[in-house]
Amino acid sequence: MRYFNLFSTILITKGAHRILVSDLQRNTSELFPLEFYDLIEELKKNSIEEILEMYDQESQNIVQEYLEILLEYEYGFITENDWDRNFPALSYKYSEPNRINNLFIEIADISLLKRLKNAVEDLEIRHLVIYSKNLLTLEELISIDHIFTSSVLSGIEIISPFHKEIDQSFIQNLNDVTERIYSLIFYECPHKPFKSKDELKFSLSFVKESIKISSCGKVDMKYFNTNLPKVLEALNYNSCLHKKISIDIEGNIKNCPLMTESFGNIQNISLEEALNQPGFNKYWNLTKDSIEGCKDCEFRYICTDCRAYTERSHYTPENLDISKPLKCGYDPYTNEWKEWSKNPLKQKAIKQYELQKLK
Ligand code: SF4
Ligand code: SF4
């Protein structure tokens, strides 16, 4: 008798019509038909021979084909005889001791960052994302990095407009003297200004288009991320808002800068005080298992949620918005991707957001 043994790092997410098999060790995900799920479940309980006996010749060929796929992708291995196949299951618990993981700030100038240094320490913030509408000089970029040189912050991502002083030596200087910046995105860049030969400490992107904060929340396969900590977080908490705090351009402290609810202004209260306001973290425990549409989607643990833009169609009795993200064009019931902004069912919500912007 032969037995198939599935590795405990393989996570299977069942959707309405397909499954997604995620290899959490290799950070890859593959789509398969729903019947593949039933076979994997059978393989956990029965030998391959016992399973083959249940089917006619045609179905046996399909089972064999599926088994070859399981082996080809190295999702497990076959043993000759049964044995204690209880591999310790991978724990899906997610726990981080720090109170905040991500701080997002839209800055008008860098003075605010200096004032936030202590809060970053106290809340043990890991990642800082800075969005600027204004050009940032070399000196300003270096200062941003140096403010946090000795802090707990592990990385800084900066998104700012491109300008003509940004050339190879500008980037090289930055690379030589900065430590915390791990990602630099320059937008409104007509063409890539140079070809970088040297390895840089940070990832560097030049984007032709303008990047607006309001373009956040788009759901696309290119943003899906099969990465163990992110998947574990998505299994237990909200994949966008958990342990996030933001300061918008007017100083309003929010969970996400695009949500309407503000918990105070940075001119008057500290980040910690805002964080302690009732309701600040009301979406932190909301997983995609409770969100309309997403709960039946095979991508739900590798996809990022959005609560700032939703279809505004479903709410809990406590008034938590559990509607599907507005900017998702995927239908888990047909497995089709369509342009979300043209979906007739989303037009009412799109209009409401446009009106909100005009206020
Ligand atoms: S329905 Fe859309 S937003 Fe929801 S999990 Fe699937 S792809 Fe992501
Ligand atoms: S809630 Fe939506 S808009 Fe806000 S940060 Fe998350 S994805 Fe972006």
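Within each chain, residues carry numbers counting from 1 in the order of the written sequence. All chains are assigned letters beginning with A, and all ligands numbers beginning with 1, in the order in which they are written. Where local features are concerned, this predicted model is filtered to residues with pLDDT of at least 70; where side-chain atom pairs are given and counted, the filter is 80 or more; whole-chain, interface and lining totals use all residues. As a rule here, side-chain values cover all heavy atoms of the structure and leave hydrogens and water aside.

Draft legend 1. Here's a closer look at the sheet that holds strand E6 (residues 102–107). In this scheme, strands are said to pair when DSSP sees at least two bridges between them. Helix and strand definitions follow DSSP, with helices as H or I runs of at least four residues and strands as E runs of at least two, each counted in order from the N terminus. Strand order in the open sheet formed by 7 strands is E10-E9-E8-E7-E6-E11-E12, with mixed pairing between adjacent strands. Lying at the two open borders of the sheet, with one neighbouring strand each, are strand E10 (203–206) and strand E12 (253–254). As judged from the 4 bridges shared by strand E9 (residues 181–187) and E10, these two strands associate in the parallel manner. In the sheet register, Phe-186 faces E10, and the bridge partner there is Phe-206.

Draft legend 2. Representation of the nonpolar core in the model. The term nonpolar core refers to a set of buried residues drawn from Ala, Val, Leu, Ile, Met, Phe, Trp, Tyr and Cys, joined through side-chain atoms within 4.5 Å. Whether a residue is buried, partly exposed or exposed follows from its accessible area with a 1.4 Å probe, protein chains only, as a fraction of its type maximum: under 20%, in between, or over 50%, in that order. Residues Leu-113 and Leu-271 are the most contacted members of the largest nonpolar core, which totals 64 residues. Sorting elements by how many residues they give to this core places helix H6 (residues 138–147) first, with 5 residues. By definition in these notes, contact holds between two residues if any of their heavy atoms fall within 4.5 Å. Other than its neighbours up to four places away in sequence, Leu-113 contacts Ile-105, Ile-107, Leu-128, Ile-130, Ile-144, Ile-147 and Phe-148.

Draft legend 3. Here's a closer look at the packing of helix H1 (residues 34–45) against helix H3 (residues 57–72). As a rule, the C-alpha atoms of each element are fitted with a line to give its axis, helices using only the stretch in contact, and angles between N-to-C directions run from 0 to 180 degrees. Contact geometry of H1 with H3 gives a least axis separation of 11 Å together with a crossing angle of 80 degrees. Accordingly, the angle class assigned to the pair H1 and H3 is roughly perpendicular. Side by side, H1 and H3 meet where Glu-35, Phe-36, Leu-39, Ile-40 and Leu-43 of the first sit next to Ile-62, Val-63, Tyr-66, Leu-67, Ile-69 and Leu-70 of the second. Basically, the charged four are Asp, Glu, Lys and Arg, the nonpolar ten are Ala, Val, Leu, Ile, Met, Phe, Trp, Tyr, Cys and Pro, and anything else, Gly included, counts as polar. Here the residues of the contact of H1 with H3 are counted per class, giving 10 nonpolar, no polar and 1 charged. When an angle is under 35 degrees it counts as roughly parallel; over 145 it counts as roughly antiparallel; between 65 and 115 it counts as roughly perpendicular; any other value is oblique.

Draft legend 4. Quick peek at empty space enclosed by the protein. The way it works is a 1 Å grid over only the protein atoms, where trapped points that fit a 1.4 Å probe form a cavity and open points with protein on both sides within 12 Å along at least five of seven lines form a pocket, and then any residue with an atom within 4 Å of a point lines it. Grid points are joined across faces, edges and corners, and a volume is the space filled by probe spheres set on the points. Throughout the structure, instances matching the rule amount to 1 cavity of 30 Å³ or more. By volume, the largest cavity is sized at about 100 Å³.

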